[in-house]
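# Observations on the three-dimensional arrangement
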2 protein chains.
Amino acid sequence: MEIDDLIAQPGEWLSGEGPESDIVISTRLRLARNIKGFPFVSRATREHKSKILAHITGRLRKSALGKQLVFFNLHEAEAVDRLFLVERHLISKEHANSEGERSVAFEPAEVRSIMINEEDHLRIQVLKSGFATTEAYEEVSGLDDLIESQLDYAFSPRYGYLTACPTNAGTGMRVSIMFHLPALVMTRQIEKVFQAVSKIHLAVRGLFGEGTQASGDFYQISNQVTLGVSENEILDKVRKVVPKIIEYERNIRETISHESKKTIEDRVWRALGTLQSARSIQSEETLNLLSQVRLGVNMKLISNLPIQTVNELFIQSQPAHIQKLEGKILEEEERDIARAAFLRKRLN
Amino acid sequence: MEIDDLIAQPGEWLSGEGPESDIVISTRLRLARNIKGFPFVSRATREHKSKILAHITGRLRKSALGKQLVFFNLHEAEAVDRLFLVERHLISKEHANSEGERSVAFEPAEVRSIMINEEDHLRIQVLKSGFATTEAYEEVSGLDDLIESQLDYAFSPRYGYLTACPTNAGTGMRVSIMFHLPALVMTRQIEKVFQAVSKIHLAVRGLFGEGTQASGDFYQISNQVTLGVSENEILDKVRKVVPKIIEYERNIRETISHESKKTIEDRVWRALGTLQSARSIQSEETLNLLSQVRLGVNMKLISNLPIQTVNELFIQSQPAHIQKLEGKILEEEERDIARAAFLRKRLN
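Being a predicted model, the structure only gives us computed values, none of them experimental.

The rules we used
- For every chain, the first residue of its written sequence is number 1, and the numbers climb from 1 along that sequence.
- Chains carry letters from A onward and ligands carry numbers from 1 onward, assigned in written order.
- Local features in a predicted model are, by the rule used here, given only for residues with pLDDT of at least 70; side-chain atom pairs are given and counted only at 80 or more, and totals for whole chains, interfaces and linings are based on all residues.
- With hydrogens and water set aside, each side-chain value is computed from the structure's full complement of heavy atoms.
- Here, nonpolar core means buried Ala, Val, Leu, Ile, Met, Phe, Trp, Tyr and Cys residues that are tied together by side-chain atoms lying within 4.5 Å of each other.
- For the exposure calls, accessible area comes from a 1.4 Å probe over protein chains only, and a residue counts as buried if that area is under 20% of its type's maximum, exposed if over 50%, partly exposed in between.
- Counting from the N terminus, the helices are DSSP H or I runs at least four residues long and the strands are E runs at least two residues long.
- Whether two residues touch is decided by their heavy atoms; if any such pair falls within 4.5 Å, the residues are in contact.
- We call two strands paired when DSSP finds no fewer than two bridges between them.
- Lines fitted to C-alpha atoms define the axes here, with helix axes fitted over just the stretch in contact, and angles between the N-to-C directions of these axes take values from 0 to 180 degrees.
- Alignment of copies: least-squares fit on C-alpha atoms of residues with pLDDT of at least 70 in both copies.
- For this analysis, a salt bridge means a side-chain nitrogen from Lys or Arg found within 4 Å of a carboxyl oxygen belonging to Asp or Glu.
- Once two parts are joined, some of their accessible surface, as seen by a 1.4 Å probe, is lost; buried area is that loss totalled over both.
- Between N or O atoms, a polar contact is any pair within 3.5 Å; within protein, one atom must be a potential hydrogen donor and the other a potential acceptor, and residues adjacent in sequence are included only when both atoms are from side chains.
- Residues are grouped as follows: nonpolar covers Ala, Val, Leu, Ile, Met, Phe, Trp, Tyr, Cys and Pro; charged covers Asp, Glu, Lys and Arg; every other residue, Gly included, is treated as polar.
- One less than the number of residues in a helix, times 1.5 Å, gives the span that helix is expected to have.
- Source of the domain bounds: an automatic or database domain assignment.
- Here, patches come from residues exposed beyond 30% relative accessible area and free of salt bridges, joined within 9 Å for like charges and within 5 Å for nonpolar side chains (Val, Leu, Ile, Met, Phe, Trp, Tyr).
- Surface accessibility follows the Shrake-Rupley procedure with a 1.4 Å probe radius. Residue values consider only the protein chains on display as shielding.
- When charges are counted, Lys and Arg are positive and Asp and Glu negative, with His and the chain ends excluded.
- For charged residues, the charge sits on one atom: NZ in Lys, CZ in Arg, CG in Asp, CD in Glu.
- Here roughly perpendicular refers to angles of 65 to 115 degrees, roughly parallel to angles under 35, roughly antiparallel to angles over 145, and oblique to all remaining angles.
- The hand of a helix crossing depends on one turn: near helix anticlockwise from the far one by less than a right angle means left-handed, and clockwise means right-handed.
- pLDDT is a per-residue confidence score from the predictor, ranging from 0 to 100.

## Focus on the nonpolar core
- In terms of nonpolar packing, the biggest core is built from 90 residues, with I114, L122, I147, F179, V242 and V293 of chain A touching the most fellow members.
- Broken down by element, this core gets its largest block of residues, nine residues, from helix α7 (residues 231-259) of chain A.
- In contact with I114 of chain A, not counting residues within four places along its chain, are L60, L69, S103, V104, A105, L122, R123, L143 and I147 of chain A.
- In terms of nonpolar packing, the next biggest core, distinct from the first, is built from 89 residues, I23, L60, M186 and V193 of chain B among them.

So this is what it looks like as structure tokens:
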């Protein structure tokens, strides 16, 4: 399988079929793991990194999962391919832009993936559609066990899994819920959610994780503490707060669908009209208009447009995707024109 | 013929078939005339007005044109019907909103019309598509002769036709050219046109004449002086300046079609997309978007959309037209919804 084969086939997590997926786009579970006998990536030389990558890749290939995984070396990849993987949420921005030998291994369905030589030797990730912490945890645990059967993890009976950054030690687990909260944003109540969430030590981030801005009314909520708590305690905290945010967003949608149906209807249709008509459109504007359209589909104001299409367009309209779809590197202005043409084709 | 019959059948001057009609919407020629033996309208009592109207109407009905004219009494009309006639440029706002017995007589094609008891006893008007001063002048002169054969005009050998306001005396003629100048507005060069035009004592007005704002990049240019000059001198002045404005607008369109084709293409298609999609839209926004679309059609960036349709929509999307089309009086919010539905139907 080549990386270009991914373009036409979006990750399973974009199906929009998971629980509560009108509001929860995805549940992401990732485990930070390191291998005994090697320095952490931050302290590793080029040679160390090379050896770590070879060691891990060799073992993964031999595992029961070996044949299903696509291995992709980032240090040998074009910038556009690395950005493409960021846009698909298969790797982090840091992983795309760092130095030295590093890789990502993933299943074609893009549910399970493993970053090698990111901040830790291993970042094991499961990405599911909707609010699915139990399924995601089961899958990531199974993947963790399978990898552990091949590799010796750095583990301390006192501190748990050892990680390059102490904030990830202990369970090494981060659970991230990606929300689509257009009604909370529109009615300017999103700040209340942030305040409530940060009080219980959960972090709020944008569409592409740590250090990114919220676009298209997408917000990720994730645990900040991994040490001194069990995996189940982390999951329970998230499981308690997520339904409240869902309910809050859903109530506002219900209210506006009664009190200002005409206004919201106008807004979502105009957004769709612009996406169907523009001859040049930037990434940021696309995200914001798609967000309105997604709300319109979920509020049943727009019909005949599958939610999966809308979900896919959020990813496929990103800069690297547009360039992969066109099969060449494009300047920003050319991308905006190609993006508009692509959106027209998909939405008309 | 009932006034409601006009709705489906727009005035001939909207055909978009006149000379230079990509830039000149219409040529309007009006003559101010008063009848000997009656006080001016501004000094007339209710009884006077009633007598003037009866006198003029009686004579017009007997004239060769009598059978072709539709007579419509404004003092007996609903507010929505009066506004409807303003929107069609058959009467002025002042004529719609003033007091006492007053009327309008017009041909079903809406080229020739006569306001009775506006500021003067008679305001004789010819409205033609495009830049057509010669044809318009011939038609209005013919109409003037025909009316003069039935009525005794107040005329002074020294001052010419006597009018209620001295600024209209002499020829009593005003020629108004309605321009569509989106490229001059877009490139912020329209002010230069105004300055040049006012230096030679021509007035610039908005879409609905005296005292109205420019909307949708429409500007009317007309002579200010009617006294001490002949009809041909007035026409010659206008005939000299209009081609310069046309050339100026056309040159800018040519320049932007080379230098910023993608930007302008995006702009006009987005305007069309919004008009095709909105679920609620105000009059002013509609005018401005239609202006972009009109530019797009004339620059051949949008095809499959007849210019006549766009011209008609400028008129038909106005408040009274929307209410006539719906067959009932509507609140502003209801009108905006009905307008959006009407635009979608016509443009999709």
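From this point, the narrative continues.
## Things to note about the sheet that holds strand β4 (residues 112-116) of chain B
All names here are of chain B.
- Pairing within the open sheet is antiparallel, and its eight strands lie in the order β2-β3-β4-β5-β1-β8-β10-β9. Either end of the sheet is taken by a strand with one partner, and the two such strands are β2 (70-73) and β9 (202-205). Across this sheet, the average inter-strand angle for adjacent strands is 20°, counted without regard to direction.
- In this sheet, β4 lies alongside strand β3 (residues 103-106) in antiparallel orientation, the contact comprising four bridges. Along β4, the bridge assignment pairs V104 with M115.

## A few points about the relation of the copies chain B and chain A
- Expressed as a screw transformation, the operator carrying chain B onto chain A has a rotation angle of 180° and an axial translation of 0.1 Å, and the superposed copies differ by an RMSD of 0.0 Å. Given the turn and translation reported, the copies of this chain are related as if by a two-fold rotation axis. Relative to the rotation axis, the C-alpha of G273 of chain B is the closest in chain B, positioned 2.4 Å from it.
- A shared interface surface links the copies, since 100% of the contact residues of chain B are contact residues in chain A too.

## With respect to the pattern of salt bridges
Residue and element names in this part refer to chain A.
- Per the stated rule, a full pass over the model turns up 36 salt bridges over all chains.
- The partner of E312 in a salt bridge is R346, with the nearest N and O atoms 3.1 Å apart. With E312 in helix α10 (residues 307-316) and R346 in helix α12 (residues 332-347), this residue pair connects regions lying 34 residues apart in the sequence.
- By relative accessible area, E312 is classed as buried at 10%.

## As for the interface of chain B and chain A
- Each partner contributes to the interface: chain B provides 14 residues, whereas chain A provides 14 residues.
- When residues of chain B are sorted by the area they lose upon contact with chain A, W269, R270 and R279 of chain B head the list and together hold 42% of the total.
- Along the contact surface separating chain B from chain A lie two salt bridges.
- Of the charged contacts, one joins E285 of chain B and R270 of chain A as a salt bridge, the two residues approaching to 2.7 Å between their closest N and O atoms.
- Our count for the chain B to chain A interface comes out at eight residue pairs in polar contact (both at pLDDT 80 or more).
- Taken together, the residues of the side of chain B that touches chain A break down into four nonpolar, four polar and six charged.

## A few points about the environment of K36 of chain A
All names here are of chain A.
- Residue position: K36 is located in the loop between β1 (24-33) and α1 (46-62).
- The class for K36 is partly exposed, based on a relative accessible area of 48%.
- Distance in space between the C-alpha atoms of K36 and R335 is 45 Å, their sequence separation being 299 residues.
- Those residues within four positions of K36 in sequence are excluded, and the remaining contacts are D152, Y153 and A154.

## Observations concerning helix α8 (residues 261-277) of chain A
- Counted at 1.5 Å a residue, the expected span for α8 of chain A with its 17 residues is 24 Å, and the 24 Å between its end C-alpha atoms agrees.
- The buried fraction of α8 of chain A is high, at twelve of 17 residues.
- Packing partners of the buried residues in α8 of chain A comprise α5 (182-186), α7, α9 (283-298) and α12 of chain A together with α8 (261-277) and α9 (283-298) of chain B.

## Remarks on the sheet that holds β1 of chain A
Residue and element names in this part refer to chain A.
- Across the sheet, which stays open at both edges, the eight strands sit in the order β2-β3-β4-β5-β1-β8-β10-β9 with antiparallel pairing between neighbours. Of all the strands in the sheet, just β2 (70-73) and β9 (202-205) have a single pairing partner and so form its edges. The average undirected angle you get between the axes of adjacent strands in this sheet is 20°.
- Sheet topology places β9 next to strand β10 (residues 218-223); four bridges connect them, and they run antiparallel. When the sheet's bridge partners are listed, V204 is paired in β10 with I221.

## Observations concerning the domain arrangement of chain A
Residues and elements named next belong to chain A.
- By domain assignment, chain A separates into domain 1 (3-253) and domain 2 (260-347).
- At the interface, 29 residues of domain 1 touch 26 residues of domain 2.
- Summing both partners gives a buried area of about 2300 Å² for domain 1 against domain 2, and 65% of it is carried by carbon and sulfur.
- Remark: the boundary between domain 1 and domain 2 carries two salt bridges.

## Here we look at a negative patch on the surface
- On the surface, E331, E332, E333 and E334 of chain A cluster together into a negatively charged patch.
- Tracing the backbone through its elements, the reader meets E333 of chain A in helix α12.

## Considering the packing of α8 of chain A against α9 of chain A
Residues and elements named next belong to chain A.
- Following both chains from N to C, one finds α8 and α9 inclined at 130°, their axes separated by 8 Å at the closest point. The angle between the axes of α8 and α9 places the two elements in the oblique class. Judged by the sense of rotation from one axis to the other, the crossing of α8 with α9 is left-handed. Listed contacts from α9 to I264, R267, V268, A271, L272, T274 and L275 of α8 are E285, T286, L289, L290, Q292, V293, L295 and G296.
- Considered class by class, the residues forming the contact of α8 with α9 number nine nonpolar, four polar and two charged.

## Quick look at the confidence of the model for chain A
- With 98% of its residues at a pLDDT of 70 or more, chain A shows a mean pLDDT of 93.
- Here the complex is predicted with pTM 0.90, and the ipTM for its interfaces comes to 0.88.

## Structural notes on unusual backbone geometry
Residues and elements named next belong to chain B.
- With phi around 65°, E110 is a residue other than glycine that occupies positive phi space.
- In this fold, E110 is placed in the loop between β3 and β4.
- Although it is not a glycine, H201 sits at a positive phi angle of roughly 60°.
- In this structure H201 comes out as partly exposed when scored by relative accessible area, which is 47%.

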